[in-house]
Amino acid sequence: MEPEVKSARAPLIAALLCGIWFLLTGWMWTFLICLVISYPVAGLGLYFWRVANTRDPRSKVNRAARWLLTIGLVVSVGAIFLFKIKPPLSRPEFRLPT
């Protein structure tokens, strides 16, 4: 194994763990807890992914870490739209007269 590829193993494992954490906790928007427990870990995961990507860009694990972080972001943004933005039918002006 090449020394450069071997040195990419630790950041890849860290990026995978951060991606899994972000995917599991990115939907928790109650009291904006997601900003405290998910997004800092996602930022670390993105940093570790970038370090590993410069050392070994062709790795399958590198692609898996990138997809975990991307799916975590999509889930998190989707959750904020579901939990924090009121649907139009719940507003008083859209209610049916009784």
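Summary of the structure given here. Remember, it's a predicted structure, so these values are computed and weren't measured experimentally.

**Quick look at the side chain of S76**
Structurally, S76 can be placed in helix α5 (residues 60-84). Apart from residues lying up to four places away in sequence, S76 is in contact with F22, G26, W29, C34 and Y39.

**A closer look at the packing of helix α2 (residues 9-25) against α5**
Between α2 and α5, the shortest axis-to-axis distance is 8 Å and the interhelical angle comes to 20 degrees. Looking at the two axes, α2 sits roughly parallel to α5. For α2 against α5, the interelement crossing comes out left-handed. Packed against α2, whose contacting residues are L12, A15, L16, G19, I20, F22 and L23, the element α5 presents V61, N62, A64, A65, L68, L69, I71, G72, L73, V75 and S76 at the interface. Each residue belonging to the contact of α2 with α5 can be placed in one class, and the counts come to 14 nonpolar, four polar and no charged.

**Re the packing of helix α4 (residues 39-55) against α5**
In contact at an axis separation of 10 Å, α4 and α5 are set at 155 degrees when each is read in the N-to-C sense. The angle between the axes of α4 and α5 places the two elements in the roughly antiparallel class. Between α4 and α5 lies a crossing whose hand is left-handed. In this structure, α4 uses Y39, A42, G45, L46, W49, A52 and N53 to contact α5, whose residues at the interface are N62, A65, R66, L69, L73 and S76.

**As for the environment of C18**
You can see C18 is positioned in helix α2. With a relative accessible area of 10%, C18 lands in the buried category. Sequence separation between C18 and P40 is 22 residues; the distance between their C-alpha atoms is 9.5 Å. In contact with C18, other than residues within four places in its own chain, are V41, L44, G45 and F48.

Rules and cut-offs
Note on numbering: residues in each chain are counted from 1, in written sequence order. Under the rules for a predicted model, residues below a pLDDT of 70 receive no local features and side-chain atom pairs below 80 are neither given nor counted, while totals for whole chains, interfaces and linings still include all residues. Where side-chain values are given, they derive from all heavy atoms of the structure, hydrogens and water being excluded. By the criteria applied, helices consist of DSSP H or I runs no shorter than four residues and strands consist of E runs no shorter than two, each listed in order from the N terminus. Note on contacts: a residue pair qualifies if any of its non-hydrogen atoms lie within 4.5 Å across the two residues. For every element, the axis is a line fit to its C-alpha atoms; helices are fit only across the contacting stretch, and the angle between N-to-C directions ranges from 0 to 180 degrees. Each angle is binned into one of four classes, with values under 35 degrees roughly parallel, values over 145 roughly antiparallel, values of 65 to 115 roughly perpendicular, and all other values oblique. Should the near helix be turned anticlockwise from the far one by less than a right angle, the crossing is left-handed, and should it be turned clockwise, the crossing is right-handed. All amino acids are sorted into three groups, where Ala, Val, Leu, Ile, Met, Phe, Trp, Tyr, Cys and Pro are nonpolar, Asp, Glu, Lys and Arg are charged, and the leftover types, Gly among them, are polar. Buried residues are those whose accessible area, probed at 1.4 Å on protein chains only, stays under 20% of the maximum for their type, while exposed residues exceed 50% and partly exposed ones sit between those limits.

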